[in-house]
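Descriptive structure summary
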Amino acid sequence: MDLRALSEFGLISRVRDKVKCRSGGVIAGIGDDCAVLVKSNETLELFTADLLIEDVHFRRHWSDPFRLGKKALSINLSDIAAMGGRANFYLVLLACPSSTPVGFVDEFYAGMEAVAAAHGLSLVGGDTSAANCLMIGVAVLGEVNREEIVYRSGAKPGDKIYATGTLGDAAAGLKVLEKAMAGATFPVSFAQIERKVREEFPPAALALVEKQLSPVPRVEEGRKLAEARIVSAMIDLSDGLLADLGHLCQESKVGACVSLEKVPFSKELQALGPDFVRPEEALAGGEDYELLFTVPPGQEEKLFTLGLRNFFHRIGEITAEVGQVRLLDAQGKEVSLPSSGYDHFAGEKV
Ligand code: ADP
Ligand code: MG
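Everything quoted here is computed from the prediction, not taken from an experiment.

Let's talk about the side chain of Arg223
Among the structural elements, Arg223 can be located in helix α8 (residues 219–228). What Arg223 contacts, discounting residues up to four positions off in sequence, is Gly84, Gly85, Arg86 and Glu148.

Brief notes about unusual backbone geometry
In the segment running from Phe186 into Pro187, the intervening peptide bond is cis, with an omega of -5°. Looking at the secondary structure, you find Pro187 in the loop between α5 (169–180) and α6 (190–200). In this structure, Lys253 takes a positive phi of about 55° despite not being glycine. Locating Lys253 in the fold gives a position in the loop between α9 (241–252) and β9 (255–259). Using a relative accessible area of 61% as the deciding quantity, one classes Lys253 as exposed. Of note, Tyr289 is a non-glycine position whose phi angle comes to about 50°, a positive value.

A few points about the site of ligand 1
Around ligand 1, a shell composed of Phe9, Ile12, Ile30, Gly31, Asp32, Asp33, Asp50, Asp79, Arg152, Asp236 and Ser238 is seen. At 3.1 Å, a side-chain N or O of Arg152 approaches an oxygen atom of ligand 1. Classifying every residue of the shell around ligand 1 gives three nonpolar, two polar and six charged.

Some words on the packing of aromatic side chains
The full count for this structure, using the stated rule, is seven aromatic pairs. When the centroid spacing of 5.8 Å and the interplanar angle of 75° are considered together, the rings of Phe201 and Phe276 count as edge-to-face. Of this pair, Phe201 sits in the loop between α6 and α7 (205–213) while Phe276 sits in the loop between α10 (267–271) and α11 (279–284), placing them 75 residues apart in sequence. Its relative accessible area of 17% is what places Phe276 among the buried residues. Through a chain of ring-to-ring contacts, the aromatic side chains of Tyr162, Phe293, Phe304 and Phe312 assemble into a single cluster. If you follow Lys175 out to its NZ or CZ, it ends over the ring of Phe276, 5.7 Å from the centre.

Observations regarding the sheet that holds strand β8 (residues 233–236)
Strand order in the open sheet formed by six strands is β8-β10-β7-β11-β9-β12, and the pairing between neighbours is mixed. Looking at the sheet topology across the chains shown, the edges are occupied by β8 and β12 (325–328). Along the sheet, successive strands turn relative to each other by an average axial angle of 25°, direction set aside. Seen against the sheet, helix α3 (residues 65–81) touches β8 and β10 (291–295) and runs at an angle of roughly 175° to β8.

Quick look at the pattern of salt bridges
Counted under the stated rule, the structure contains 23 salt bridges. Ionic pairing is found between Arg67 and Glu210, a salt bridge with its closest N-O pair at 2.7 Å. Here Glu210 lies in helix α7 and Arg67 lies in helix α3, a separation of 143 residues in the sequence. Judged by relative accessible area, Glu210 falls into the partly exposed class, the value being 27%. Between Glu290 and Lys211 there is a salt bridge, with its nearest N and O atoms 2.7 Å apart. Taken together, the residues span a long stretch of sequence, with Glu290 in the loop between α11 and β10 and Lys211 in helix α7 at a distance of 79 residues. Taken together, the salt bridges that share partners define one network made up of Asp32, Asp33 and Arg152.

Re the coordination of the magnesium ion (ligand 2)
Coordination of the magnesium ion (ligand 2) by the protein comes from Asp33 (OD), Asp79 (OD) and Asp236 (OD), over a distance range of 1.9 to 2.1 Å. Sequence spacing of the donors to the magnesium ion (ligand 2): D-x45-D-x156-D. In this pair, Asp33 is assigned in the loop between β1 (26–28) and β2 (35–38) and Asp79 in helix α3, connecting sequence segments 46 residues apart. Each member of the pair, Asp33 together with Asp79, is buried.

How each quantity is defined
Residues numbered from 1 in each chain as written. Chains lettered and ligands numbered in written order. Predicted model: local features only at pLDDT ≥ 70, side-chain atom pairs only at ≥ 80, totals over all residues. Heavy atoms only, no water. Helix = DSSP H or I, 4+ residues; strand = E, 2+ residues; numbered from the N terminus. Contact = heavy atoms within 4.5 Å. Buried < 20%, exposed > 50% of the residue type's maximum accessible area, 1.4 Å probe, protein only. Near = heavy atom within 4 Å. Polar contact = N/O pair within 3.5 Å; in protein donor to acceptor, adjacent residues only side chain to side chain. Nonpolar A, V, L, I, M, F, W, Y, C, P; charged D, E, K, R; others polar. Phe/Tyr/Trp six-rings, centres within 6.5 Å; stacked < 30°, edge-to-face > 60°. Lys NZ or Arg CZ within 6 Å of the ring centre and 35° of its normal. Pairing = 2+ DSSP bridges. Axes fitted to C-alpha atoms, helices over the stretch in contact; angles between N-to-C directions. Salt bridge = Lys/Arg side-chain N within 4 Å of Asp/Glu carboxyl O. Donors = N, O, S within 2.8 Å, 3.2 Å for Na, K, Ca; no water.

Structure representation (structure tokens):
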């Protein structure tokens, strides 16, 4: 059997079943957005890592290095946010072709450092290698108060499902970039990307491109939700709403029902017309890096007292149908989906 047949998540389950925990202090290993380790009586350590690989996660001919650096760190902060934590340290693993301009790498680090400065993190090491393509790995160490941590596994039937921000923007931004930057050559600046996008798309498309190239991790929102202790489960949206809701349901041993008409789509996405990215496609497309969370009935009013800067919407409800994620249209009829998210071994991403 090869990895295509096993699937990305089949592989992760296989690893999870085989490994043994050899050290004390592991509260949660494989299965959530971060590993959770004992730090002190009051605090837990959060440990997470993410990869960005050329021609899997990004194309170099539409990657502005500053934004690529921002994204590489932000997607890790998004996993810390999903557990209600804050980040402290990061490591960078960088592999590049030797023809890569030094200025590209400088800008890439400047992007990471801009995000690190905004969130109070320090770069403390990493590793470097030559390679045939750009490969970026970032690992982040963070922390969370023991009483505030939120896992993927706490959702119960009847809990309401909420998402921050709007969904599908990053998937739409990717489509815009692929079209607008088809003939571009590496390296590019954001000014070139901006000019090419403006030539072919309405001005609203730039906001979608920005969301694809430079997602904003919802760390402040994650912290406020965790501090309020009203959230039963949380995950960040990296693989697409339906896939990530599936992961949350799997860990919580529940099911979910989502109303398509309640899912928030941005005015920028809608400005590109109903067929540019269809709603079902937007929900299968990943990389929005919004937070998906569940709130028990009776706790919902408290959400509105938190002063969350980023708005949020109720999009569905947790059910007792274990492992079943259903999407309903405005008439309550089930919408069938071609695929519910991205599997790294099933095909190419970009
Ligand atoms: P996320 O989308 O939140 O980054 P992933 O879907 O990448 O999470 O991973 C799901 C879980 O599997 C996480 O707990 C992660 O640490 C773990 N994981 C992913 N890949 C591997 C691997 N190759 N070996 C061990 N654990 C892994
Ligand atoms: Mg995650």
